[in-house]
Amino acid sequence: MNITTAALDRAFARYKPIVDDWAAFLDALTRPLPPVVWTNTLRVSPSTLEAWLAEEGFEPTPLSWYPGAFRLAPGSRPGRSWLYRVGVMHIQEEVSLLPVALLAPQPGERVLDIAAAPGGKTAQMAVSMGNRGTVVANDVTFVRMRALRHALERLGLVNVSTTIHDGTNLPRAIGAFDRVLVDAPCSCEGTARKNPEVVGLCGLDFSLEHQGVQKALLRKAVLLCRPGGRIVYSTCTFAPEENEAVVDAVVRDFGQHRLRLLPARVPGFHVSPGLARWAGQTFVDGMENAARVWPHHNDTGGFFVAVIEKSPHGWGTRPPDVPPVAHLWPEKVVPAMDERAFLAERFGLTPEQFSGYVWLRLKKQGLHIVNDDHRPPPRPQPDGVGMLFLHTKARTPKITTAGALLFGHVATRNVVVLTREQRDAYLVREEITLSPEQVDSCTAPGFVIVTYRGVALGTALCRRHPSRYVLESLFPKGWMRG
Ligand code: SAM
């Protein structure tokens with residue numbers, strides 16, 4: 001659907017007084033968005049990804065303000081690339097990198113993403129925490145969590161627990177957080193470049209419909225954040241009613257001596273200050289520290305971000321601290337001797353390679369793996385914790401694709417190195433005939449890990465045919481489309 005400048009002019013007319021260059025604003029909204037990807041630094045370095053993207057013809061340009069992220073040539077389809085399908089990189093709109101950059105979660109911390117699906121920002125924070133600590137990714141919508149789970153598996157993330165709950169109503173028992181992200185449901189006006197249909201919906205009434213849940217989510221975030229912690233509130237909309245007005249209401253509720261707006265600024269990324277007043281209302285002091293991102297300033301979508309610091313003093317009882325996973329659920333921790341013997345025998349994966357992780361039997365189908373400093377919520381009961389690593393129901397355990405992507409690069413036995421053509425065949429589940437050298441890398445028919453240029457692609461089954469050995473690809477069907 002193509003959107004005309006006249007339609008945009010009508011839809012957004014009420015923002016004319018607060019946009020510095022109206023013609024440039026409208027012009028930006030009619031152009032397609034440049035695709036942006038970021039490096040999964042748990043798997044490769046940004047310079048490696050940049051070189052590989054260039055080889056694949058994506059013409060990457062590093063983002064000056066966000067290390068490891070690249071803008072690609074207009075019209076590129078990075079979702080189809082092997083680099084995306086095996087979790088070496090993630091695709092995320094440039095402007096939507098801003099909230100997590102400002103949240104700045106640190107390894108070992110406990111962080112809540114209160115409205116997390118489909119999970120771009122959850123993945124971004126979990127990677128930037130180095131697969132340590134705890135991200136609790138919550139959303140009210142079950143189906144939207146599927147995409148989030150897929151992203152976690154593809155990227156090899158173990159430091160995330162997921163919950164499906166109304167974020168406005170999360171219990172105190174979920175525990176205290178060092179940082180909370182409220183990436184609120186909104187009218188999405190700032191996404192008009194990618195979803196032109198929003199232009200037909202937007203308007204004051206539509207924005208006001210969102211205010212109730214936005215304020216309730218932000219209030220809950222404040223209550224669950226530890227004193228001295230940080231809350232980031234963001235939307236992808238221009239409407240001050242969903243942005244400054246929401247932050248203003250919540251800061252006033254708790255008191256300006258308890259919540260302070262910090263500068264939402266990142267060097268190299270142009271933002272405009274939050275509004276001091278709108279429609280006759282004057283907002284709390286410090287609102288200019290919030291950031292408005294207009295599409296024409298950085299050639300992105302539109303966004304609003306406020307960074308709120310919770311004062312260390314003057315609060316009543318805080319939510320409880322939650323112990324690490326092994327203390328919380330000692331009954332679920334598994335020594336898993338048989339499985340470890342299998343991993344050592346088949347893949348040369350030794351117990352030392354699993355130090356820093358805990359194995360859990362959460363469901364019947366197999367073993368989960370999670371970082372040992374992970375502190376999942378006691379309540380609400382998580383829908384997922386860490387990563388399903390081994391299927392254990394069959395006679396021979398089977399490592400999951402997510403598990404192979406995370407640990408495959410340190411495996412030393414039954415690792416088959418693929419050629420470029422074989423890599424492409426593997427990713428569309430075609431059978432591969434092995435060369436004599438590749439056959440030599442297998443100790444016996446059975447499960448193998450396949451790699452390409454030192455990057456694990458997943459698992460396969462090595463079978464003997466009368467005259468040759470073949471690989472049956474076990475790359476998940478659901479991941480083939482990219
Ligand atoms: N942070 C996400 C990301 O980066 O992929 C995008 C979040 S999207 C802007 C807003 C999300 O809020 C939606 O997934 C929606 O299902 C969720 N949501 C709406 N009402 C909610 C509520 N009461 N509690 C929790 N999540 C809610």
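For the structure, check the block above.
For the structure given in this document, a descriptive report is provided here.

Scoring rules and cut-offs
Sequence order sets the numbering: in each chain, residues are counted from 1 along the sequence as written. Per-residue local features are limited, in this predicted model, to residues with pLDDT of at least 70; the limit for side-chain atom pairs, both in listing and counting, is 80 or more; totals at the level of whole chains, interfaces and linings are taken over all residues. Water and hydrogen atoms were dropped before computing side-chain values, which therefore reflect all heavy atoms in the structure. Here a helix means four or more residues in a row that DSSP labels H or I, a strand means two or more in a row labelled E, and each is numbered from the N terminus. We compute the radius of gyration over the C-alpha atoms and compare it with the globule rule, which gives 2.2 Å times the number of residues raised to the power 0.38. Here the term buried applies to any residue with accessible area under 20% of the maximum for its type, exposed to any over 50%, and partly exposed to those in between, with areas from a 1.4 Å probe on protein chains only. In what follows, a contact means two residues having at least one pair of non-hydrogen atoms within 4.5 Å. Only the protein chains shown count as cover for residues, with accessible areas throughout obtained via the Shrake-Rupley method and a probe of 1.4 Å. For a helix, the expected span equals 1.5 Å multiplied by the residue count minus one. By definition, a residue's bend is the angle between the axes fitted to the seven residues ending there and the seven starting there. We call a residue near a molecule or strand whenever a single non-hydrogen atom of that residue lies within 4 Å of it. Two N or O atoms count as a polar contact when they lie within 3.5 Å, although within protein this holds only if one can serve as hydrogen donor and the other as acceptor, and sequence-adjacent residues are included solely when both atoms are side-chain atoms. Classification convention: Asp, Glu, Lys, Arg as charged; Ala, Val, Leu, Ile, Met, Phe, Trp, Tyr, Cys, Pro as nonpolar; all other residues, Gly among them, as polar. When DSSP locates at least two bridges between a pair of strands, those strands are taken to pair. Buried Ala, Val, Leu, Ile, Met, Phe, Trp, Tyr and Cys residues form a nonpolar core when they are joined through side-chain atoms within 4.5 Å. Two rings belonging to Phe, Tyr or Trp (six-membered ring only in the last case) form a pair when the distance between their centres is within 6.5 Å. Interplanar angles under 30 degrees mark stacking, angles over 60 mark edge-to-face geometry, and anything in between is tilted.

## Digging into the overall build of the protein chain
Along its length, the protein chain carries 16 helices and 25 strands. Since a compact globule built from 482 residues should have a radius of gyration of about 23 Å, the 24 Å found for the protein chain is in line with a globular shape. Based on the C-alpha atoms only, the size of the protein chain along its principal axes is roughly 80 × 50 × 35 Å. In the protein chain, which comprises 482 residues, the proportion classed as buried is 58%. Within the protein chain, contacts between residues at least 6 apart in sequence are counted, and of these 73% link residues at least 24 apart. When the accessible surface of the protein chain is summed, it comes to about 19400 Å², and 52% of that surface belongs to carbon and sulfur atoms.

## Section: helix H9 (residues 204-224)
For H9, spanning 21 residues, the distance from its first C-alpha to its last is 31 Å, which sits close to the expected 30 Å at 1.5 Å a residue. The sharpest bend along H9 comes to roughly 35 degrees, located at Gln 211. Every buried residue belonging to H9 is among Ser 207, His 210, Gln 211, Gln 214, Leu 217, Leu 218, Lys 220, Ala 221, Val 222 and Leu 224, and all of these are buried. The inward-facing, buried residues of H9 contact strand S5 (110-113), strand S8 (177-183), strand S9 (225-235), helix H10 (244-254), strand S10 (259-262) and strand S15 (303-310).

## Digging into the site of the ligand
Taken together, the neighbourhood of the ligand is formed by 21 residues, with Asp 139, Arg 144, Asp 166, Gly 167 and Asp 183 sitting nearest. In this structure, an oxygen atom belonging to the ligand sits 2.9 Å away from a side-chain N or O atom of Thr 141. Within the side chain of Asp 166, a nitrogen or oxygen atom sits 2.8 Å from a nitrogen atom of the ligand. When the ligand sits alone it has 600 Å² of accessible area, and the protein chains cover 86% of it. Every element with two or more residues in the shell around the ligand is listed here: helix H6 (120-128), strand S6 (134-139) and H9. Grouping the constituent residues of the shell around the ligand by class yields 10 nonpolar, six polar and five charged.

## Let's talk about the sheet that holds strand S20 (residues 398-399)
Spatially, S16-S17-S19-S20 is the arrangement adopted by the four strands of the open sheet, whose pairing is antiparallel. Two strands in the sheet have a free side with no partner beyond their single neighbour: strand S16 (357-363) and S20. Two strands pair when backbone bridges link them, and strand S17 (residues 366-371) and strand S19 (residues 387-391) are joined in this way by four bridges, in the antiparallel orientation. Following the sheet pairing, His 368 is matched in S19 by Leu 388.

## What about the nonpolar core?
Counting 53 residues, the largest nonpolar core has Phe 12, Phe 25, Leu 112, Val 182, Leu 218, Ile 231 and Val 247 as the members making the most contacts within it. If we ignore the near neighbours within four places in the chain, the residues touching Phe 12 are Trp 22, Phe 25, Leu 29, Glu 189, Cys 202 and Phe 238. Counting residues in hydrophobic clusters, the runner-up holds 42 residues, among them Leu 103, Val 127, Leu 157 and Leu 181.

## Observations regarding the environment of Thr 400
You can see Thr 400 is positioned in the loop between S20 and helix H14 (401-407). Separated by 243 residues in sequence, Thr 400 and Leu 157 place their C-alpha atoms 13 Å apart. When sequence neighbours within four positions are dropped, the list of residues in contact with Thr 400 reads Leu 388, Phe 389, Leu 390, His 391 and Thr 459.

## Regarding the packing of aromatic side chains
The final tally for this structure, using the stated rule, is 24 aromatic pairs. Taken together, a centroid distance of 5.2 Å and an interplanar angle of 20 degrees make the contact between Phe 238 and Trp 294 stacked. Highlighted residues: Phe 238 in the loop between S9 and H10 and Trp 294 in the loop between strand S14 (291-293) and helix H11 (295-298), separated in sequence by 56 residues. With a relative accessible area of 2%, Trp 294 lands in the buried category. Ring geometry for Tyr 357 and Phe 407: centres 5.3 Å apart, planes at 70 degrees, overall edge-to-face. Taken together, the positions of Tyr 357 in strand S16 and Phe 407 in helix H14 put the pair 50 residues apart, joining distant regions of the chain.

## Focus: the environment of Gly 79
Locating Gly 79 in the fold gives a position in the loop between strand S3 (69-71) and helix H4 (82-85). A relative accessible area of 17% means that Gly 79 is categorised as buried. Separated by 230 residues in sequence, Gly 79 and Glu 309 place their C-alpha atoms 37 Å apart.

## Things to note about the pairing of S15
Both faces of the sheet carry side chains from a regular strand, because those side chains alternate between them. Among the eight residues that make up S15, seven are buried, leaving the element largely enclosed by the rest of the structure. Here S10 runs beside S15; their pairing, made up of four bridges, is antiparallel. Considered in S15, the bridge of Arg 260 is made with Glu 309. Judged from the three bridges that link them, S14 and S15 form a sheet pairing that is antiparallel. Across the sheet, residue Val 293 finds its bridge partner in S15, namely Phe 303.

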